[in-house]
Amino acid sequence: MTEPLLLGGIEAGGTKFLCAIADRDGALLMQTRIPTTTPAETLGAASAFFSDAAEKHGALSAFSIGSFGPLSLNTVAADYGCITSTPKAGWQNVDLLTHFRRTISGPIALDTDVNCAAVGERLFGSGQGLDTFCYVTVGTGIGVGLLINGAPHGGANHPEAGHIKLPRAPGDDRFAGICPYHGDCLEGLACGPAMQARWGVPAETLSSDHPAWAIEADYLAGLCATLTYTVRPDRIIIGGGVMQPQMYGRVRRALTEKLAGYDASMRAIDMDDYVAAPTAGSSAGLTGALALAYRTATRQWPMHWAITDTNSSRAETVNA
Ligand SMILES: Nc1ncnc2c1ncn2[C@@H]1O[C@H](COP(=O)(O)OP(=O)(O)OP(=O)(O)O)[C@@H](O)[C@H]1O
Ligand SMILES: [Zn+2]
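Residues numbered from 1 in each chain as written. Chains lettered and ligands numbered in written order. Predicted model: local features only at pLDDT ≥ 70, side-chain atom pairs only at ≥ 80, totals over all residues. Heavy atoms only, no water.

### What to know about the site of ligand 1
Next up, step 1: Every one of the 13 residues lining ligand 1 counts as a neighbour, but Thr137, Thr140, Gly141, Glu204 and Gly241 are closest to it.
Next up, step 2: A distance of 2.6 Å is found between an oxygen atom of ligand 1 and a side-chain nitrogen or oxygen belonging to Thr140.
Next up, step 3: With respect to ligand 1, the side chain of Gln244 contributes an N or O atom lying 3.2 Å from a nitrogen atom.
Next up, step 4: Within the complex, the protein chains bury 65% of what would otherwise be the 640 Å² of accessible surface of ligand 1.
Next up, step 5: Here the residues of the shell around ligand 1 sort into 4 nonpolar, 8 polar and 1 charged. (Near = heavy atom within 4 Å. Polar contact = N/O pair within 3.5 Å; in protein donor to acceptor, adjacent residues only side chain to side chain. Areas by Shrake-Rupley, 256 points an atom, 1.4 Å probe, with all protein chains shown as cover. Nonpolar A, V, L, I, M, F, W, Y, C, P; charged D, E, K, R; others polar.)

As structure tokens, then:
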């Protein structure tokens, strides 16, 4: 008989922490949504949820966190498991791992929110059937998750492709950018708050023929070209509040121009398929975190979740 598994996961975001426990088949047994306020308040509420879950369902087999960052993911570093230099007030140097080790006895895995979302897209969304793809979110920041040969990628630490420096888009030479570290890195020029700073109004209020969108598409296509040259993924999935439907065509056309017909395999890219929207739903990061917990417990990815379950039916099985 297969051993029962009890998995815990958190998608730790800048506005909310989604916490859940799930069984071996990915069915959610309990879940909750905690607003991200102070570390003490938010992490305290998350621990209380998992203590309550353990009382009701037993000890967790494995637990995983997909968090906003930057994070220290180098297992031998002194600050392993900490959020490090985030601009989010009060959350610098917050030790996530030590906090959860106080209440959770099983193994704990940690990865970025975007890598976890990429895992969720592989199980339930636009990454199904793919081994190597990128997951990009363009919202309050710009984050890039990488699934390489079927596993989330990290090296000495997680990459930060949202902060690459790109050539300025035509006509965009005055805006200084808003990244507190680099000024006019990609995130500094093209995340949602950067658009607001540049144009004086929130991005969602700009009309679809506003010049902002051509500039935005140029930068996102620059990121896609860089990812194409460095990772050569099967697909680049781009989501986040700024990626409205009209952006996909613009990014695909700008990317085709940037690749400039280089190499037959790049000329053969079907852009409609290559630059795609996410489809795993708003809980892809949480699903990915739970899948990471599954892998921590079993050394395998729960590929059967994709067959036996769908994102929407998962949501219905919840007893909050
Ligand atoms: N319809 C829209 N069109 C363009 N921009 C939008 C739209 N809706 C939201 N945004 C922008 O998206 C940003 C918020 O992004 P999102 O909704 O992805 O939130 P987030 O999860 O906080 O971001 P992140 O992915 O960085 O964590 C805001 O800057 C907002 O101006
Ligand atoms: Zn930057």
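### Quick word on empty space enclosed by the protein
One way to see where empty space is left: roll a probe the size of a water molecule over the atoms.
Next up, step 1: Taken as a whole, this structure holds 2 cavities of 30 Å³ or more when the rule is applied.
Next up, step 2: For the largest cavity, the calculated volume is near 50 Å³.
Next up, step 3: The element contributing the most residues to the lining of the largest cavity is helix 3 (residues 113-124), with 3 residues.
Next up, step 4: Each residue belonging to the lining of the largest cavity can be placed in one class, and the counts come to 5 nonpolar, 1 polar and 1 charged.
Next up, step 5: One number sums up the size of the second largest cavity: a volume of about 30 Å³.
Next up, step 6: Surrounding the second largest cavity, Thr112, Val114, Asn115, Val144, Gly145, Leu146, His153, His158 and Pro159 form its lining. (1 Å grid on protein atoms, 1.4 Å probe; cavity = no way out; pocket = protein on both sides within 12 Å on 5 of 7 lines; lining within 4 Å. Points joined across faces, edges and corners; volume = space filled by probe spheres on them. Helix = DSSP H or I, 4+ residues; strand = E, 2+ residues; numbered from the N terminus.)

### Examining the coordination of the zinc ion (ligand 2)
Next up, step 1: Protein-derived ligands of the zinc ion (ligand 2) are His163 (ND1), Cys179 (SG), His182 (ND1) and Cys185 (SG), with the metal-ligand distances lying across 2.1 to 2.3 Å.
Next up, step 2: Each of the 4 donor atoms around the zinc ion (ligand 2) contributes to a set of angles spanning 104 to 118°, which defines the coordination as tetrahedral.
Next up, step 3: Between consecutive donor residues of the zinc ion (ligand 2), the sequence gaps follow H-x15-C-x2-H-x2-C. (Donors = N, O, S within 2.8 Å, 3.2 Å for Na, K, Ca; no water. Tetrahedral: all angles 85-135°; square planar, octahedral: opposite > 155°, others 65-115°.)

### Examining the sheet that holds strand 12 (residues 275-276)
Next up, step 1: Judged by pairing direction, the sheet is mixed, and its 5 strands sit side by side in the order 10-9-8-11-12 without closing on themselves. Looking at strand neighbours, the two that pair on one side only are strand 10 (151-152) and strand 12, the edges of this open sheet.
Next up, step 2: Inspection of the sheet shows strand 8 (residues 133-138) paired to strand 9 (residues 142-148) by 6 bridges, in the antiparallel sense. Across the sheet, Val138 pairs through a bridge with Ile142, a residue of strand 9.
Next up, step 3: Across the sheet, helix 3 is in contact with strand 8, strand 9, strand 10 and strand 11 (235-239); its angle to strand 9 comes to roughly 55°. (Pairing = 2+ DSSP bridges. Contact = heavy atoms within 4.5 Å. Axes fitted to C-alpha atoms, helices over the stretch in contact; angles between N-to-C directions.)

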